[in-house]
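The primary structure of each chain is shown beneath.
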Amino acid sequence: TYRRSSEALPAADEPLSHAFDGIQVACARQHADGTGLYFAAKGGHNGESHNHNDVGTNIVFKDGAPILIDIGNDQYTKLTFSDKRYTLPSNRSIYHNTLSTDDTEQLPGMQYHAENFTVDAASKTASMTLEKAYAPESGMTSYRKTTALTESGVTITNDFTFDKERTAKLNLILCAKPEPVDETSFAVASDGVRAVIRYTPGLAFSVEVLSLEEHPFWRRSYPNADAIYRVILSKKTSGESLCVTVE
C-alpha cells in the first residue's frame, strides 16, 4: 500500500540499490533522502503465495510520488479464491507493467517464471530473461528485460523475438491521467509531481480507464487518484527492442 510521507525522508547510510535474490526483486534510488527517481523490478514466478501474474513487472516513483504503479489487491470476495481469480484486473499481467502479445497474457503456475536474474549495484541495473514467463501461445521465443537508473531517468528496455509477426503491447499502469506531449512521450502529474514518459518511436498509444467506482478498494492505496489508467503502447512486429524512460 502506497502512503506518501508528509516530510522528506532523512538521509541514510543504506545503499542506493539492493537485490533480494531469493524472491528476485531489485530496487534502486537516485538519492538517499528519497528525492529523485526510484525503481523496483520483480522476477520470480507465477506460483507464489497470494500470486498475481506479474513476472517482470516494475514500479517507478519520482520524488516520493507513484508514477508506474502496482495497483495492489482488490477487495477480497469469493471470486478471489475461485477459478475466476485471474479474471480480476489486479491479478492479471496486462494490468501490471509488463509486455504482452496479441490478446494473450501470463498464466498462473510455477512453470511461468523469470530466469537469469542479475543486478549490478554499481550501475543500478536489473536484468532478467522472461520468455519462460509466457505460455507457448504468446509466441515469445526470447525476451530480456533490463531496468536501469541513471541521473536522467529510469529506462526499461524490452528486447524480444516472436515466432511470427504479432502485436507487441507494452502495458504501463498509472494512478494519474496520461497527457500526450508528442508522438513519443506523455506526461503525468501524480501527487503534485510531474513526470515525462518517453518511448520508442513508431508505437501506437492508447489508454484504458479503470474506474475507482468499480474498484473502491484501490483508493486505499491511491487516495488522490481519480482513476487507474492502463497505457498500451503497441506495434506489429516479429522482434524488437522497445524502451520506456521515466524522467
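Scroll up a little and you will see the structure.
Nothing here was measured: the structure is a model prediction, and the numbers come from that model.

Engineer: Mind showing me how you'd approach unusual backbone geometry here?
Structural biologist: Note: most residues except glycine have negative phi, and most peptide bonds are trans. The backbone phi angle of Asp 63 is positive, close to 50°, even though this residue is not glycine. Assignment of secondary structure puts Asp 63 in the loop between strand E5 (58–62) and strand E6 (65–68). Note on Asp 63: relative accessible area 34%, which makes it partly exposed. Here the phi dihedral of Asp 102 falls at roughly 45°; this positive angle occurs in a residue that is not glycine. Inspection of the secondary structure assignment puts Asp 102 in the loop between strand E7 (99–101) and strand E8 (109–113). Given the relative accessible area of 25%, Asp 102 is considered partly exposed.

Engineer: Which parts of the structure should I look at to understand the pairing of strand E9 (residues 115–120)?
Structural biologist: Along a regular strand, successive side chains alternate from one face of the sheet to the other. Bridging between E9 and strand E10 (residues 125–129) involves four bridges; their strand directions are antiparallel. Residue pairing across strands places Thr 118 opposite Ser 127, the latter belonging to E10. The hairpin formed by E9 and E10 contains four residues between the paired strands, and Lys 124 there has a positive phi angle of roughly 55°.

Engineer: Looking at this structure, I do not really get the side chain of Ser 234. What am I missing?
Structural biologist: If you trace the backbone, Ser 234 turns up in strand E17 (residues 228–246). Those residues in contact with Ser 234, other than ones at most four positions away along the chain, are Thr 167, Ala 168, Lys 169, Gly 202, Leu 203 and Ala 204.

Engineer: Looking at this structure, I do not really get the sheet that holds E5. What am I missing?
Structural biologist: Within a sheet, adjacent strands bond to each other through the backbone by hydrogen bonds, running parallel or antiparallel. The antiparallel open sheet is built from five strands, whose spatial order is E1-E2-E3-E5-E6. Each edge of the open sheet is held by one strand with a lone partner, namely strand E1 (17–20) and E6. Within the sheet, the average angular offset between the axes of one strand and its neighbour, ignoring direction, is 15°.

Parameters at a glance
Residues numbered from 1 in each chain as written. Predicted model: local features only at pLDDT ≥ 70, side-chain atom pairs only at ≥ 80, totals over all residues. Heavy atoms only, no water. Helix = DSSP H or I, 4+ residues; strand = E, 2+ residues; numbered from the N terminus. Buried < 20%, exposed > 50% of the residue type's maximum accessible area, 1.4 Å probe, protein only. Pairing = 2+ DSSP bridges. Contact = heavy atoms within 4.5 Å. Axes fitted to C-alpha atoms, helices over the stretch in contact; angles between N-to-C directions.

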